[in-house]
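Chain by chain, the residues run as shown.
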Amino acid sequence: YRVRGALTAAIARAMVRPGEVVWTNVQIKGQSPTPRSGHSLTGNGSGKCMLFGGCGIKDADECAVFNDTFVLTLGEPGKWELVEPLGDVPAPRWRHSATLLPDAESVLVFGGLCKGKRFNDTHVFSLDKKEWAIKECAGTPPHPRSHHTANRVDMEPDEGDASAAVEHKVLILGGYGGPGSTRDFYMDLHFLELASWTWVKVEAMKGPVPSPRSDHSAALADGKLYLYAGRGWNSKADPGYYGDMHVLDVKTMRWLEPDSEAVAADGDGDAAPAWPTLGEKVWNHSAMTIKSVPSSYMFLFGGQNAPRRYANSLSVFDSGRNKWETPKTITGAPPPPREDSPFAYDDSTKSLVLFGGWRQKWLDDVWTLNVAGICGPSYAVNTIKPVSGPFTGAAPVVLSGLLFKDSQRISVKFFTKDGKREMTVPGKFEDATHISCKSPNFEKHGALEVNVAVSIDGEPYTVNECLYQFYLNTSAKKCVAFGPGLVPRQEVGRTCSFMIQSKDSAGHYRASGGDPLRVLIDGPSGNAQPAAVVQDHQNGRYTVSYSVPIAGDYKVSVFLDENPNDANDSEAMLQGCPFKVTFEDVWAAGRVSGIAPRVRPNMEVSVLDGKLTVIPLEGEHNLRGIRPKSDKATPEPAAAEEPKAEEEGGEGEAAPVAKPQPTGPVAPAYAWQLDSAAQTWTLVEGEAAVALLCDKVAPAHQKEMQ
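Residues numbered from 1 in each chain as written. Predicted model: local features only at pLDDT ≥ 70, side-chain atom pairs only at ≥ 80, totals over all residues. Heavy atoms only, no water.

Teacher, can you tell me more about the pairing of strand β25 (residues 286–290) here?
Within a regular beta strand, the side chains point alternately toward one face of the sheet and then the other, so they alternate between its two faces. Both β25 and strand β26 (residues 297–301) contribute to a ladder of five bridges, which runs antiparallel. Looking at the pairing, Met 288 lines up with Phe 299 of β26. Here β25 folds back onto β26, and the loop between the two strands holds six residues. (Pairing = 2+ DSSP bridges. Helix = DSSP H or I, 4+ residues; strand = E, 2+ residues; numbered from the N terminus.)

Is there a simple way to think about a nonpolar patch on the surface in this case?
There is a patch of nonpolar side chains on the surface, built from Val 605, Val 607 and Leu 612 and spanning about 250 Å² of accessible area. The residue Leu 612 is located in strand β54 (residues 611–616) in this model. Overall, the relative accessible area of 30% leaves Leu 612 in the partly exposed class. (Patch = residues over 30% accessible without salt bridge, like charges linked within 9 Å, V, L, I, M, F, W, Y side chains within 5 Å. Areas by Shrake-Rupley, 256 points an atom, 1.4 Å probe, with all protein chains shown as cover. Salt bridge = Lys/Arg side-chain N within 4 Å of Asp/Glu carboxyl O. Buried < 20%, exposed > 50% of the residue type's maximum accessible area, 1.4 Å probe, protein only.)

Please explain the sheet that holds strand β30 (residues 323–325) as it appears in this structure.
Neighbouring strands of a sheet are bound in pairs by backbone hydrogen bonds; such pairs are parallel or else antiparallel. On the basis of which strands lie adjacent, the open sheet formed by four strands has the order β25-β26-β29-β30 and antiparallel pairing. Lying at the two open borders of the sheet, with one neighbouring strand each, are β25 and β30. Geometrically, the sheet is characterised by an average inter-axis angle of 20 degrees between neighbouring strands, direction not taken into account. (Axes fitted to C-alpha atoms, helices over the stretch in contact; angles between N-to-C directions.)

What is the right way to look at the environment of Pro 530 in this model?
Structurally, Pro 530 is set in the loop between β47 (517–522) and β48 (533–536). Sequence-wise, Pro 530 and Pro 549 are 19 residues apart; in three dimensions their C-alpha atoms are separated by 8.4 Å. Dropping the residues within four chain positions of it, Pro 530 is found in contact with Ser 547 and Pro 549. (Contact = heavy atoms within 4.5 Å.)

It is not clear to me how the pairing of strand β34 (residues 362–370) should be interpreted in this structure. Could you clarify?
Across the nine residues of β34, seven count as buried, placing the element largely inside the fold. Both strand β1 (residues 20–26) and β34 contribute to a ladder of five bridges, which runs antiparallel. Paired with Val 22 across the two strands is Asn 370, which belongs to β34. Taking the residues that link successive antiparallel strands as the turn, the strand β33 (residues 351–358)-β34 hairpin has three residues, and the phi of Gln 360 there is positive, at about 60 degrees.

What is the right way to read the packing of aromatic side chains from this model?
What describes a pair of aromatic rings is the distance from one ring centre to the other and the angle between the planes of the rings. What the rule picks out here adds up to 25 aromatic pairs. Ring geometry for Trp 23 versus Trp 367: centroids 6.4 Å apart, planes at 85 degrees, classification edge-to-face. Here the residue Trp 23 occupies a position in strand β1, and Trp 367 occupies one in strand β34, the gap between them amounting to 344 residues. Considered together, Trp 23 and Trp 367 belong to a single accessibility category, that of buried residues. (Phe/Tyr/Trp six-rings, centres within 6.5 Å; stacked < 30°, edge-to-face > 60°.)

What is the right way to read the environment of Tyr 186 from this model?
Take Tyr 186: it is sitting in strand β19 (residues 184–193). Along the sequence, Tyr 186 and His 143 sit 43 residues apart, while their C-alpha atoms lie 9.5 Å from each other.

Sorry if this is basic, but what is going on with the pattern of salt bridges here?
It is possible for side chains bearing opposite charge to pair when their charged atoms get close. Using the criterion set out here, one finds 22 salt bridges in the structure. In this structure, Asp 244 and Arg 213 form a salt bridge, with 2.7 Å as the shortest nitrogen-oxygen distance. Placement of the pair is Asp 244 in strand β23 (residues 241–249) and Arg 213 in the loop between β20 (198–201) and β21 (217–221), with a sequence separation of 31 residues. Since its relative accessible area comes to 22%, Asp 244 is described here as partly exposed. Across the pair Lys 417 and Glu 465 runs a salt bridge, and its minimum N-O distance is 3.7 Å. You can see Lys 417 sitting in the loop between β38 (410–415) and β39 (422–426) and its partner Glu 465 sitting in the loop between β42 (449–456) and β43 (467–471), a full 48 residues away along the chain. Accessibility assignment for this pair places Lys 417 and Glu 465 in one class, exposed. Several salt bridges converge on common partners, so that one network encompasses Asp 318, Arg 321, Lys 323 and Glu 325.

Structure follows, in structure tokens:
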């Protein structure tokens, strides 16, 4: 993808792919600035950029330092406008800083130099009014300087303080200069508080403070200022060029130390922890941070990486992953190598804008770098549910993410990673974290894994990876039902279960769930039949559990809607259906021969030697006269006294002793036993035979009663 001439936002959004950046050499109409470097270029986010100052060619190869003001309007075609501004125009200067203020139409210019003189004055230009104004600020401003950096900091109030407002400040860091004729490299921090237009110096910075330097870059992301590279004083041992990174917490004013995981760029595991770098020194480069979701990105281009060796490489720092990378796909030829050419960012086209610079001569070309493929819009997609669906489409899905906006113009794109196959469907705003839609019909592309992205109000699509799997529709005649719950003979009241393995139309096992299955149990139970329970294991397998309340012959059938999201509600029966299953009553009556026991008020029922034994009893007694626990035990009979020998009467024979008589009931004369194997009742007759049964039953019964 390459566009010659003006690049419109619509074309950029339509053709950029996730992970891709696109360089374009843009031809702009109107009166353009003369070739220069060291100027400022500031975007307002709405298609306009302001260019001020710089050093370059004036007329007929005459070198000059400028204080002219241009406005670049991006679009088709783009246009330069030389502004004839009102108000107090700043003195000519270059290597100054220019910062967009919170109203997004005013630009603050600070510092710079002209013919050896450094500045520390403050000016504001209004893009709407096309007017300059000098700002008289309270406090002590930074020393005059150039080659510094300036960033706007928006300090959010502490949580719970609803009355506090956001504090807007401009942070000036480092540079080269000094009062009068003195010159030095700085690493001081100054805030210009915009609410009161007051300069405040940070007197005591915490943590490991970086070396003084200029020609560095400083980019703000997520409450942290990322300082990268630059140059400082040189010596025999140190040429004074840097390739390091430092991170400042702007709320606590502490220079942070890296985690142990962030090791040196050379991968030396024994090296002291250091913030990630590109592995080379660089200065006078272009750098810009772009806020994204969930993290921000810093883009770095060009500069010098050795004396008089100019670069045109592009690198990206992901603040969320704390990592430098080269974009996966760079489309279009990059600009020629250069330095001293600042970046501006236009949010409306998601493009970085570059003008001019220096490479042994001054340049006046305009380039755009579309970064929508990396940064995306101000919202993001995280997950999708379900994660798969039929390639015939129309399946309801819900996207979860961050900072979605309520709009009637929401597009959801399903596309392959190579960008060659895609389908777009309308989305519906549910809330700030959810968007719903129906999956597109992907039949013409096939059952493929795709990425899913969202665009709201025509903005670029989200770039976070969110995968969705299209699969071939499940085929009823390919699916298999199996398991013990389909065995032809079952028992009433017992839960039966079987498995279903779903397969697609090509006969391949399905690897996800969600198939619309319906199980029908048809038999004597009729309307009293409980519904079967289908458990989805989300891997293409299902467990079906069911039971029946009435004995009889049943048919078990499983139905599948092979295309559940179309207007047709027809179902197909799985192969092998219906399965015929006979349910038998566990307590079904059997035919028993012999003489059955007669019912008596008091009967002892036990199982002896595998036979059901029934012994009739008389009165209130249990076997062997045992009574319930609450009754008093039968008293033991008193022992008989031994009679005395007669005093008179011969040899004195002893009289016979009377034997105690049993007090319990006598054993019954009959009992019954059921042989379950033979299904026959047998009558046991005779006191001796029944007494033997009682002897076996009584101990167990006595233990239970006592």
